[in-house]
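So you can see what is in the structure, the chains are spelled out below.
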Amino acid sequence: LKGTVTGPITDTLAASISAGYNKRDGFVRDLGTGNRENERNRWFVRGQLLFEPTDQLKIRIIGDYGKIDENCCGVVNIRAGSPTTIITAPVALGGLGKSVNSASNPFGDVVYNNFDSTNRIENYGISGQIDYELGPVKLTSITAWRKNRGITSQDSDFTSADILGRHDEDLRVSTFTQELRLSADFADKVHVLLGGYYFNEKIRQDNVLQWGSDARGYFDRLIRGVSGGALSLYGAGPVPIPLESTLGAPTGSFFAQGTGLTEHYRLDNEAISVFGQLDFKVTDRLTLTGGINYTHDSKNFTTDVRSTDVFSQVDFNAPALAPLRNQLLLAGFLRNAGVDPTNLAAITAFATNPATAATYAGFVTTAGTLATQPTVANPLSPLRSLQIFPPFLNVPNAIEPGTTSDGNVSYTARIAYEANDHINVYASYATGFKASSINLGRDSRPTAADLVRINNAGLMLPNLVSGSRFALPEKSTVYEFGIKANWGVASANVAVFKQIIRDFQSNIFTGIGFYLGNAGKQSTFGIEFDGAVHPTRETTIGLALTYLDPKYDSYVSSPFGNASGMRPAGIPSISATFSGDWNHELANSDRLILHADFHYESPVQILDGLPGFITKDPLTGQPTTAGYQAGLAAARDFRREVNELNASITYAMHNGLEFTLWGRNLLNNRYLITIFDSPAQPGSVSGYLNQPLTWGGAVRFRW
């Protein structure tokens, strides 16, 4: 339901008010909670005042408020690794007996959660614009303030098991902007624009991510699996070895319900830009344009992240754990000899059998030194993949100040020529700038260089590794050539461009957080076309077509190793939209309006890679070239092709009443919007779905 009322209050004052309410049942059934996901429940109100006391002065004030309160969004399992199988296996078979949607049917629009994923957002603001004309000069001031608050809660293991029992976020963003512009026209030859822009934004974010009641049972089964049955989380020893008591941890402390992460982030961002542009008409048909912009951007950020997950704080390389590592090396030795290391009778028989006793005794004699040898893989290394909430080194600290400061001058040059009354050709060259981006998330880590300095300063924490705190500024260069044509019965626009971005900012979800980094250089060659023809007065046929050829020219330190030369995922080569409209006037002055459009995107790989599938060297604990390739290969089979048909039929009466029947995605083309590593389920993959076929009706009245 939407409505708008606008009109004059006095000769110099006008007002308008708009409001809308949008409610829809969710199209994804949650068989765990019994409710629906991907619903709609939102409303807004917007008011404007326009004051024109004189012909030279205009003042406009706009205020708005909107709210969202929805269950969103449904996440489906699309590849079930062994952890997901553990969740769904019956208790009698060593599983949890819980539910996950079938990975073989992700488009069944069915999910299983043990609590609703809710999305509550408030968004409101006010702005004021003043325009004052003084002869050939026009002054404009735009002042705006906006506040956004989002409170979300998500069942982030996306199963009916209570593994990640709580994932709550409270995000507050407050933004103030001020823009001043001066524009002037002189002798119909020169147009000048000068201005300045001030930006101030404050972000405050609080998160809680904690283990649920099923976490201990679930991770006990994972630990047994990754250790080949040699280890367990708890239970009676000596085989399998109960990890919690062996490490001297308090009973029930590993993966305890309510432990996890508490996160607090703060970011203050201030930026100022000064810009100018000059348009000079050399002739009535030839125009030259030049522009320049200086931007300075500064950010100040702090983090306060606390991990109470005891298991993630264990250093599996610690000297004190050498006896345990020796036990596991012995278990591996027995397994290779064909002896079940969990069967005490079999071990005793192997140790006392005259044919194998000497071999067993020889290994036991040397095992005491094996755990300290650099050529021997740490048998505890597989457990590192389960240390999901390691200790966090907060910023600022003695090495990392938590500040960035960037400045840049960008410019543009353009030439436009009207070949005749119907055709305009142009060529342009422009540079652009994007300031440093900050990783305000649980995957924020010091750079490799800073990690060395942190270690030298005595600030190291258990299991602290390098990663990304922020991405460096990116700079772009765009070359473009185009033709714009309009002959009345037909119009066509063509643009050919090449975009080059140096230090391209890349952000990849890792399954529990985000990796923010820079590609050395990314370039894209593209061609865009949009046009329309009017074969009759009542008919319009349109086409919009885009061809893109992107490439990572240089991306040596990607999350997947050296990705130089690789095509970025998610960017289809061809995107096209075909549309047709028929607006027919009937004898009684009513109108029949038919509309249809078809949107196509060529097949494309959805994601560059899946970090959770990267394998590591058992000796160094670092990813290998083959390990990086495994992360890339895991995402290769997940592709998207879009074929969406939309249509509507409207009967518009001459008195202002309209009736519409519409359908969206009439071919019910289903595809994955994006994919990611399933949180806390190594080897599994989850994803978000597009909307299925939807149809409905609308009634409008205009007066």
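This text gives an overview of the structure that appears in the document. Everything numeric in this text was worked out from a predicted model, so none of it was measured. Each residue is numbered by its place in its chain's sequence as written, counting from 1. Per-residue local features are limited, in this predicted model, to residues with pLDDT of at least 70; the limit for side-chain atom pairs, both in listing and counting, is 80 or more; totals at the level of whole chains, interfaces and linings are taken over all residues. The side-chain quantities take in all heavy atoms of the structure and omit both hydrogens and water.

1. Observations regarding the sheet that holds strand β8 (residues 110-111)
Okay, so step 1: Strand pairing is defined by DSSP finding a minimum of two bridges between the two strands. We count a stretch as a helix when DSSP gives it H or I for four or more residues in a row; a strand needs E for two or more, and each element gets its number in order from the N terminus. Here we have three strands laid out as an open sheet, ordered β4-β3-β8, and mixed in their pairing. What marks the edges here is a single partner per strand, and that holds for β4 (36-37) and β8.
Okay, so step 2: Where strand β3 (residues 28-30) lies against β4, two bridges are found, and the strand directions are antiparallel. The residue of β4 that forms the bridge with Val28 is Glu37.

2. Examining the pattern of salt bridges
Okay, so step 1: Salt bridges are counted wherever a side-chain nitrogen of Lys or Arg sits within 4 Å of a carboxyl oxygen of Asp or Glu. Under the counting rule described, the total for this entry stands at 24 salt bridges.
Okay, so step 2: Close ionic contact of Asp170 with Arg172 constitutes a salt bridge, the shortest N to O distance being 3.7 Å.
Okay, so step 3: Looking at Asp170, the relative accessible area reads 16%, which means it is buried.
Okay, so step 4: Via salt bridges that share partners, Arg149, Asp170, Arg172 and Asp206 belong to a single interconnected network. Only protein chains enter the area calculation, which uses a 1.4 Å probe; residues under 20% of their type maximum are buried, those over 50% are exposed, and those in between are partly exposed.

3. Brief notes about the pairing of strand β10 (residues 137-153)
Okay, so step 1: Inspection of the sheet shows strand β9 (residues 118-134) paired to β10 by 17 bridges, in the antiparallel sense. By the bridge assignment, Gly128 is partnered in β10 with Thr143.
Okay, so step 2: Remark: two residues form the turn of the hairpin made by β9 and β10, two consecutive strands paired antiparallel; Gly135 in that turn has positive phi of roughly 65°.
Okay, so step 3: Here β10 runs beside strand β11 (residues 164-186); their pairing, made up of 17 bridges, is antiparallel. By the bridge assignment for β11, Leu139 is matched with Leu182.

4. A closer look at the nonpolar core
In globular proteins that are soluble, nonpolar side chains generally tend to be buried together.
Okay, so step 1: Counting 48 residues, the largest nonpolar core has Trp211, Phe219, Ile223, Leu231, Phe255 and Phe311 as its most contacted members.
Okay, so step 2: Those elements that place two or more of their residues in this core are α1 (82-88), β11, β12 (190-211), α2 (215-226), β15 (260-281), β16 (286-307) and α4 (322-336).
Okay, so step 3: With five residues, α2 is the single largest residue contributor to this core.
Okay, so step 4: When checking whether two residues touch, look at their non-hydrogen atoms; a contact exists if any pair is within 4.5 Å. Beyond its immediate stretch of four places on either side in the chain, Ile223 contacts Leu231, Ser232, Leu233, Leu243, Phe255, Phe311, Leu383 and Leu386.
Okay, so step 5: Judged by nonpolar contacts, the second largest core, of 16 residues, contains Ile78, Val111, Phe638 and Leu672. Among buried residues, the Ala, Val, Leu, Ile, Met, Phe, Trp, Tyr and Cys ones that are joined through side-chain atoms within 4.5 Å form a nonpolar core.

5. Details of the environment of Arg221
Okay, so step 1: By the secondary structure assignment, Arg221 is in helix α2.
Okay, so step 2: The contacts of Arg221, once residues within four sequence positions are left out, are Ile86, Gly94, Gly95 and Leu96.
Okay, so step 3: Whenever two N or O atoms come within 3.5 Å, that pair is a polar contact, provided that in protein one can donate a hydrogen and the other can accept it, and provided that, for residues adjacent in sequence, both atoms are side-chain atoms. Side-chain polar atoms of Arg221 contact the backbone oxygen of Gly94, separated by 2.7 Å.

6. Concerning the sheet that holds strand β7 (residues 75-79)
Okay, so step 1: Spatially, the three strands line up as an open sheet ordered β7-β30-β29, and their pairing is antiparallel. Both outer strands of the open sheet, β7 and β29 (672-677), are each paired with one neighbouring strand and no more. Sheet twist, expressed as the average angle between the axes of neighbouring strands with direction ignored, equals 35°.
Okay, so step 2: Bridge analysis of β29 against strand β30 (residues 685-689) gives five bridges, and the strand direction is antiparallel. Bridged to Asp677 within β30 is Val685. Each axis is a line fitted through C-alpha atoms, and for a helix only the stretch in contact is used; angles between axes span 0 to 180 degrees, taken between their N-to-C directions.

7. A word on a positive patch on the surface
Okay, so step 1: A cluster of basic residues, Arg46, Lys58, Arg60 and Lys138, forms a positive patch on the protein surface.
Okay, so step 2: Note on placement: Lys138 falls in strand β10.
Okay, so step 3: Residue Lys138 is classed as partly exposed on the basis of its relative accessible area of 33%. Residues forming no salt bridge and having over 30% relative accessible area are the ones grouped into patches, like charges within 9 Å of each other and nonpolar side chains (Val, Leu, Ile, Met, Phe, Trp, Tyr) within 5 Å. With residues, only the protein chains shown are counted as cover, and all accessible areas are computed by Shrake-Rupley using a 1.4 Å probe. Only four residue types enter the tally: Lys and Arg on the positive side, Asp and Glu on the negative side, with His and both chain ends excluded. Positions of charges follow a simple convention, taking NZ of Lys, CZ of Arg, CG of Asp or CD of Glu.

8. Considering the state of the cysteines
Okay, so step 1: Any cysteine sulfur atom paired with another within 2.5 Å is treated as part of a disulfide. Summed over the entire model, instances satisfying the criterion amount to one disulfide.
Okay, so step 2: For Cys72, the disulfide goes to Cys73, at an S-S distance of 1.7 Å.

9. Quick notes on the pairing of strand β2 (residues 13-24)
Okay, so step 1: Bridge count for strand β1 (residues 2-8) against β2 is seven bridges, and the pairing is antiparallel. The residue bridging Thr4 from the neighbouring strand is Ser18, located in β2.
Okay, so step 2: Adjacent in sequence and paired antiparallel, β1 and β2 are bridged by four residues.
Okay, so step 3: Note that β2 and strand β5 (residues 40-51) share twelve bridges and pair antiparallel. Its bridge partner being in β5, Tyr21 is matched across the sheet by Trp43.

10. Concerning a nonpolar patch on the surface
Okay, so step 1: Together, Leu1, Val5, Ile17, Tyr21, Trp43, Val45, Phe701 and Trp703 make up an exposed nonpolar region whose accessible area comes to about 930 Å².
Okay, so step 2: Of all the secondary-structure elements, those providing two or more residues to the nonpolar patch are β2 and β5.
Okay, so step 3: In this fold, Phe701 is placed in strand β31 (residues 694-701).

11. Examining the packing of aromatic side chains
Okay, so step 1: By convention, a stacked pair of Phe, Tyr or Trp rings (six-membered ring in the case of Trp) has centres within 6.5 Å and planes under 30 degrees apart, an edge-to-face pair has planes over 60 apart, and any other such pair is tilted. One pass over the structure, following the stated rule, counts 22 aromatic pairs.
Okay, so step 2: Chaining the aromatic ring pairs together yields one cluster made of Trp211, Tyr218, Phe219, Phe254, Phe255, Phe311, Phe316 and Phe389.
Okay, so step 3: The ring of Tyr426 carries Arg414 above its face, with NZ or CZ at 4.7 Å from the centroid.
Okay, so step 4: Put simply, a charge is over a ring when the Lys NZ or the Arg CZ is close to the ring centre, within 6 Å, and near the line of the ring normal, within 35 degrees. The positively charged end of Arg664 is found above the aromatic ring belonging to Trp662, 3.9 Å away from the centroid.

12. Points about empty space enclosed by the protein
Okay, so step 1: Detection works on a 1 Å grid of protein atoms alone, calling trapped sets that fit a 1.4 Å probe cavities and calling open sets with protein on both sides within 12 Å along at least five of seven lines pockets, with lining residues defined by an atom within 4 Å of a point. Grid points are joined across faces, edges and corners, and a volume is the space filled by probe spheres set on the points. Overall, the coordinates contain one cavity of 30 Å³ or more when judged by the stated rule.
Okay, so step 2: By volume, the largest cavity amounts to about 40 Å³.
Okay, so step 3: Every residue along the wall of the largest cavity is listed here: Asn77, Thr84, Val100, Asp157, Phe158, Thr159, Ser678, Gln681 and Ser686.
Okay, so step 4: Each residue gets one label: Ala, Val, Leu, Ile, Met, Phe, Trp, Tyr, Cys and Pro are nonpolar, Asp, Glu, Lys and Arg are charged, and the others, such as Gly, are polar. Grouping the constituent residues of the lining of the largest cavity by class yields two nonpolar, six polar and one charged.

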